[in-house]
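Residue-level listing of the chains:
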Amino acid sequence: QAKARGRNGYRFYAPSMTGEGVERLRLETWLRRSLEKDEMFLNYQPQVEIDTGRLIGVEALVRWNHPELGLVPPVRFIPLAEDSGFISQLGEWVLAQACRQMVRWEAAGLVVPKIAVNLSVRQFERGTIVRTVGDILRETGLAPHRLQLEVTESLIMNTGDALQYINGLHALGVSLAIDDFGTGYSSLAYLKQMPVQTLKIDRSFIKDIHEDANDEAIAIAIIQLGKSMNLSVIAEGVETDEQAAFLLRHGCKQAQGYFYSRPVMPDDLLHRWLP
Ligand code: C2E
Ligand code: MG
Ligand code: MG
Ligand code: MG
C-alpha cells in the first residue's frame, strides 16, 4: 500500500503486488459505500478557446478520497464501478453535482458557458438515461444547452439502442461530444446519423504531435473531419505552447490540458476565471 503523502496532502493509492483479487474485493466494498460516506467529489478542468484564452467550458472529473487509501484515481475505480453496476448511482450523482455547481458559480458571478460530463456505457444499458438527465436538469434548473455529455466511440458502437438514446438526449436540448476520438473504432457512416456536436481528439495523438508524423497526420485528419461534418473539435491533453500553436495553425480552435489548467476545485476555478 502506498502511504507516501502526495501533492495537496493526498496519499495516492497503489495496489499491493500480491492479492489482486482480495484488493479488488475490498475496493469494491468500499466503493459501494463511498457516496453515503461523502468521499466522492468533483474536479473541474477548464476548456479554452486557443487564440483568446477565453473559458468556454469545464469538464467534470470525479475523484475518490478514501480515508485509508487516499486519493484513488478514476482509472482504478471507474472500471470497478462499471463491473459492479455502482456506476449508475455514481453517474447520477456526478451529473447532479455538476449541474448544481454550474448554478452555484453563476450565483457567485461566474458564468461558465457549459459543463461536460462523462457517461459510461452501463448508464445507457439501463434504458433510463434520457429520463434521468431530464429529471436532473429540471431539479437543478440548469439550462439544457449548457450541459454536454461525453460518450466514447465504443459506447456508441456497442450499445444496441445507442442511436435511440442519443436522439432522446439531443431532444432534451443537451449537446453530445465523442470523447477520446480516434482511439475506438466507430464507423463514420454511423457517426453521421448521430446528433453529435463535438469531437475530442484523444490525448495520445497530442502528446508527441511534434515528433510523431503519424500522430500529426491523425490529428490533422480529425480536425478536417470535424470541419467537413460541421462539428467542433477540441484537443485533450494539451501541455505545451507548441502543441497549442500547432492545433491553431491547423484549424483546431479549442483545447483542454495542463498547459491551461489541471482539473481544480470549484473555488479555484472561480478565483482564476472571475471577470
Ligand atoms: P477523460 O474523460 O478522457 O478525461 C481526461 C483525463 O485526462 C482526465 O484524467 C484529466 O485529468 C486528464 N488530463 C487532462 N489534461 C491533461 C494533460 O494535459 N496531461 C495529462 N497527462 N492528462 C491530462 P482523470 O481525471 O484521471 O480521468 C480519467 C478518465 O476517467 C476520464 O478520461 C474518464 O474516462 C474517466 N472519468 C473521470 N470522471 C468520470 C465520471 O464522472 N464518469 C465516468 N463514467 N468516467 C469518468
Ligand atoms: Mg472526458
Ligand atoms: Mg477524453
Ligand atoms: Mg482521454
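That block above? That's the structure.
In this convention, every chain numbers its residues from 1, walking through the sequence in written order. In the order they appear in the text, chains get letters beginning with A and ligands get numbers beginning with 1. In keeping with the model being predicted, local features are shown solely for residues with a pLDDT of at least 70 and side-chain atom pairs are shown and tallied solely at 80 or more, while totals for entire chains, interfaces and linings include all residues. No hydrogens and no water enter the side-chain calculation; it runs on all heavy atoms of the structure.

This brings us to the coordination of the magnesium ion (ligand 2). Distances from the magnesium ion (ligand 2) to its protein donors, Glu59 (OE), Asn118 (OD1), Glu150 (OE) and Asp179 (OD), fall within 2.0 to 2.2 Å. Ligating atoms shown are N, O and S within 2.8 Å of the metal, or 3.2 Å for Na, K and Ca, and water is not included, meaning a site may look less than complete. Here the donor residues of the magnesium ion (ligand 2) share one chain and are spaced in sequence as E-x58-N-x31-E-x28-D. Between the magnesium ion (ligand 2) and the magnesium ion (ligand 3), a separation of 3.7 Å is found, and both are coordinated by Asp179. In this pair, Asn118 sits in strand 4 (residues 115–118) while Asp179 sits in strand 6 (residues 175–181), placing the two residues 61 residues apart along the sequence. Secondary structure elements follow DSSP: runs of H or I of four or more residues count as helices, runs of E of two or more count as strands, with numbering from the N terminus.

One ladder, built from four bridges, connects strand 7 (residues 198–201) with strand 8 (residues 232–235); its direction is parallel. Residue pairing for strand 8: Thr198 is matched across the bridge by Ser232. At least two DSSP bridges between two strands are required for those strands to pair. The pairing of strand 8 with strand 9 (residues 254–255) spans two bridges and is classified as parallel. If you follow Ile234 over to strand 9, its bridge partner there is Gln254. Throughout, right-handed denotes a crossover for which the path from the first strand over the helix to the second runs clockwise when the strands point away from the viewer. Remark: the strand 8/helix 11 (residues 241–249)/strand 9 crossover connection has right-handed handedness.

Moving on to helix 7 (residues 162–172). Turning to helix 7, its buried residues are Ala162, Tyr165, Ile166, Gly168 and Leu169. Angularly, the buried residues of helix 7 cover 155° about the axis, an arc narrow enough to put them on a single face. Along helix 7, exposed side chains directed more than 90 degrees from the buried face belong to Gln164 and Ala171. Note on contacts: a residue pair qualifies if any of its non-hydrogen atoms lie within 4.5 Å across the two residues. Tucked inside the fold, the buried residues of helix 7 contact helix 4 (121–125), helix 5 (129–140), strand 5 (147–152), helix 6 (153–158), strand 6 and helix 8 (188–193). Positioned one or two residues after helix 7, Gly173 has a phi angle of 100°, which is positive. Only protein chains enter the accessibility calculation, which uses a 1.4 Å probe. A residue is then buried if its area is under 20% of the maximum for its type, exposed if over 50%, and partly exposed in between. It is the directions from the helix axis to the C-beta atoms that the arc portrays.

What follows concerns the coordination of the magnesium ion (ligand 4). In a perfect tetrahedron of four donors around a metal, the angles come out at 109.5 degrees. In a perfect octahedron of six, they are 90 or 180 degrees. For the magnesium ion (ligand 4), the protein coordination sphere consists of Asp180 (OD) and Glu236 (OE), at 2.3 to 2.7 Å. In this structure the magnesium ion (ligand 3) is found 2.9 Å away from the magnesium ion (ligand 4), and Asp180 serves as a bridging donor for the pair. One end of the pair, Asp180, is in strand 6; the other, Glu236, is in the loop between strand 8 and helix 11, and 56 residues separate them in sequence.

On to helix 12 (residues 266–273), then. Owing to its 3.6 residues per turn, the α-helix aligns residues three or four sequence positions apart on the same side. When helix 12 is considered as a whole, its buried residues turn out to be Pro266, Leu269, Leu270 and Trp273. Down the axis of helix 12, the smallest arc covering the buried residues is 100°, so these residues share one side. Turned more than 90 degrees from where helix 12 packs its buried face, His271 and Arg272 sit exposed.

Turning next to the packing of aromatic side chains. Whether two aromatic rings pair depends on their centres lying within 6.5 Å, for rings of Phe, Tyr and Trp, where Trp uses its six-membered ring; planes under 30 degrees apart make the pair stacked, over 60 edge-to-face, and the rest tilted. Using the criterion set out here, one finds four aromatic pairs in the structure. Pairing Tyr44 with Trp105 gives two aromatic rings, centres 4.9 Å apart and planes at 75°, and the pair type is edge-to-face. On the criterion of sequence distance, the pair formed by Tyr44 in strand 1 (residues 40–49) and Trp105 in helix 3 (residues 87–107) is long-range, its members being 61 residues apart. Centre to centre, the rings of Trp64 and Phe77 are 5.7 Å apart; their planes meet at 80°, and the pair counts as edge-to-face. Separated by 13 residues along the polypeptide, Trp64 in strand 2 (residues 55–66) and Phe77 in helix 2 (residues 74–84) bring together distant segments of the chain. Judged by its relative accessible area of 0%, Phe77 is buried. By definition, being over a ring means that NZ of Lys or CZ of Arg is both within 6 Å of the ring centre and within 35 degrees of the ring normal. Between the NZ or CZ atom of Arg262 and the centre of the ring of Tyr258, over which it lies, the distance is 3.9 Å.

All right, on to the site of ligand 1 then. We call a residue near a molecule or strand as soon as one heavy atom of that residue lies within 4 Å of the molecule or strand. Near ligand 1 you find 21 residues, and of these Arg63, Asp179, Arg203, Glu239 and Tyr258 are the closest. Side-chain atoms alone can form a polar contact between residues adjacent in sequence; in general such a contact is a pair of N or O atoms within 3.5 Å, and within protein one must be able to donate a hydrogen while the other accepts it. With respect to ligand 1, the side chain of Glu59 contributes an N or O atom lying 3.0 Å from an oxygen atom. Asn118 places a side-chain nitrogen or oxygen 2.9 Å from an oxygen atom of ligand 1. Bound to the protein, ligand 1 loses 83% of the 800 Å² it would expose on its own. Elements represented by at least two residues in the shell around ligand 1 include exactly strand 2, helix 2 and strand 6. Counting residues per element, the shell around ligand 1 draws most heavily on strand 2, which supplies four residues. Its residues assigned to classes, the shell around ligand 1 shows eight nonpolar, five polar and eight charged. In these tables, accessible area is a Shrake-Rupley quantity obtained with a 1.4 Å probe, and a residue counts as shielded only by the protein chains included in the view. Polar here means any residue other than Ala, Val, Leu, Ile, Met, Phe, Trp, Tyr, Cys and Pro, which are nonpolar, and Asp, Glu, Lys and Arg, which are charged; Gly is therefore polar.

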